[in-house]
Amino acid sequence: MKAFGFLSFGHYGDVPGSTTRTAGDMLRQTIELAEGADEIGVNGAYVRVHHWARQAASPMPLLSAMAARTERIEVGTGVIDMRYENPFQFAEEAAALDWIADGRIALGVSRGSPETALRGYETFGFHDEEDPERGGVMAREKFDLFLQVIDGAGVAPGDPRMVGAGRYLAIEPQSPALRDHIWWGAGSRATAEETGRKGLNLMSSTLLTEATGQPFHELQREQIDLFRAAYKEAGHTGAPRVSVSRSVFPLITDQDRAYFGLRSEENGDQIGVIDGFRSTFGKTYAAEPDVLISQLKQDEAVMAADTLMLTIPNQLGVDYCVHVLDSFATHVAPALGWKPNSEGPVEGYAI
């Protein structure tokens, strides 16, 4: 592990104890949290994307504001659901964001997670004839088109009266480095290998749509190894980024123990069914710093990834979430190999 960031689900609602009663509260506080995290050396500020729920949904305005109000921290998503995206508009917005952020972006993209709406992407005007129930085929086709477009492919026939005969136009703006900042959110070993073959970065979550009986961190480490092997076999020569997310809470204060002390007793993975697949869910880490260091060093996936995303309780407010990040940066992260954002952009491990 070289770096860590926060991953916010962007919850909001008028419920007791929440500081994010409205969408405006959540959006403004997420920007403020990115600013606070940037100041203490945190490497990344990432947001989940969920449609049809009281959570962060349309990330580009939020990420643009976060990038504009910070100096060093990377901003990104985990993940944008391609079923809902127009690949051409998404390519324009992503390139613009890359320029605004001066390359400090990590756009996680995938088919998306289960949602409260029944095929909600159809309401947005997108239909998958081959995979109508899950939209997976459409999502991958649109993502492949998105990659072509950000690589500069001419896709729109030009008006010969304005650009001459036979010309096909590419989207604008173009950001030459954008492809290096695209991640695929892989939920299985097979999708991790596909991600490696495409030469992208890998974003792995706190769950995998597989259950083999192995501990979660071992299964996820296999996923990472398969990704890197496929990346190398395909002839790519870069140093691709890999991130994993975990719920990690250093117990420093009485308030920490009141919020998360009982979580320290939930010391195990969970098996469940999500989106029709038997899946493995990672455990929550909540303990004194020395215990956390020992536990995380034994987490093979955390140590194999270059970036650890810490899921934060955004409804508890900016001050408390900054406290969680600062506690991790002060008492835990240095023992795991962390380098603060003041030392430059994060780089993946060489393959």
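Keep in mind it's a predicted model, so treat the numbers as computed, not measured.

Novice: Please explain unusual backbone geometry as it appears in this structure.
Specialist: With glycine set apart, most residues show a phi of negative sign, and most peptide bonds adopt trans. The omega angle of the peptide bond from G78 to V79 is 5 degrees, so this bond is cis rather than trans. Tracing the sequence through the fold places V79 in strand β3 (residues 74–81). Residue P173 follows E172 across a cis peptide bond; omega there is 0 degrees. Within the element layout of this structure, P173 appears in the loop between β6 (168–169) and β7 (182–186). For D102, which is not glycine, the phi dihedral falls at a positive 55 degrees. Position of D102 relative to the elements: it lies in the loop between α3 (87–100) and β4 (105–110). For D102, a relative accessible area of 69% gives the class exposed.

Novice: Explain the packing of aromatic side chains here, please?
Specialist: Each aromatic ring pair is described using two quantities: the centre-to-centre distance and the angle formed by the ring planes. Under the criterion given, the structure shown has twelve aromatic pairs. Ring centres of W52 and F124 lie 5.7 Å apart, and the angle between their planes is 75 degrees; this geometry places the pair in the edge-to-face category. Taken as a pair, W52 in the loop between β2 (44–47) and α2 (59–68) and F124 in the loop between α4 (120–123) and α5 (136–150) lie far apart in primary sequence, 72 residues in all. Given a relative accessible area of 41%, W52 falls into the partly exposed group. You can call F124 partly exposed: its relative accessible area is 41%. Each member of the aromatic cluster is reached from another via a ring pair, and the members are W52, Y84, Y121 and F124. Over the face of the ring belonging to Y349 we find K2, whose NZ or CZ atom lies 4.7 Å from the ring centre.

Novice: Can you walk me through the nonpolar core in this structure?
Specialist: Considering soluble globular proteins, one finds that nonpolar side chains tend to be buried as a cluster. With 71 residues, the main nonpolar core has F4, F90, L107, F143, F146, L325 and F328 as its most contacted residues. When neighbours within four sequence positions are excluded, F4 is seen to be in contact with V42, N43, G44, L308, L310, L325, F328, A329, A333 and W338. Grouped together as the second largest cluster of nonpolar side chains are seven residues, L7, Y46, W183 and M309 included.

Definitions and limits used
- What you see as residue numbers is a count from 1 along each chain, following the sequence as written.
- A pLDDT threshold of at least 70 governs which residues receive local features in this predicted model, and a stricter bar of 80 or more applies before side-chain atom pairs are shown or counted, although totals over entire chains, interfaces and linings include all residues.
- Derived side-chain values reflect all non-hydrogen atoms in the structure, with water molecules and hydrogen atoms excluded from consideration.
- Note on conventions: DSSP H or I runs of at least 4 residues are helices, E runs of at least 2 residues are strands, and numbering of each starts at the N terminus.
- Exposure is judged per residue with a 1.4 Å probe applied to protein chains only, and the accessible area is read against the type maximum: over 50% gives exposed, under 20% gives buried, and values in between give partly exposed.
- Within 6.5 Å between ring centres, the rings of Phe, Tyr and Trp (the latter by its six-membered ring) count as paired, and their orientation is classed by plane angle as stacked under 30 degrees, edge-to-face over 60, tilted in between.
- Two thresholds decide whether a charge sits over a ring: the Lys NZ or Arg CZ must be within 6 Å of the ring centre and within 35 degrees of the ring normal.
- Working definition of a nonpolar core: buried Ala, Val, Leu, Ile, Met, Phe, Trp, Tyr and Cys residues. They are joined through side-chain atoms within 4.5 Å.
- The contact criterion used throughout is that any non-hydrogen atoms of two residues lie within 4.5 Å.

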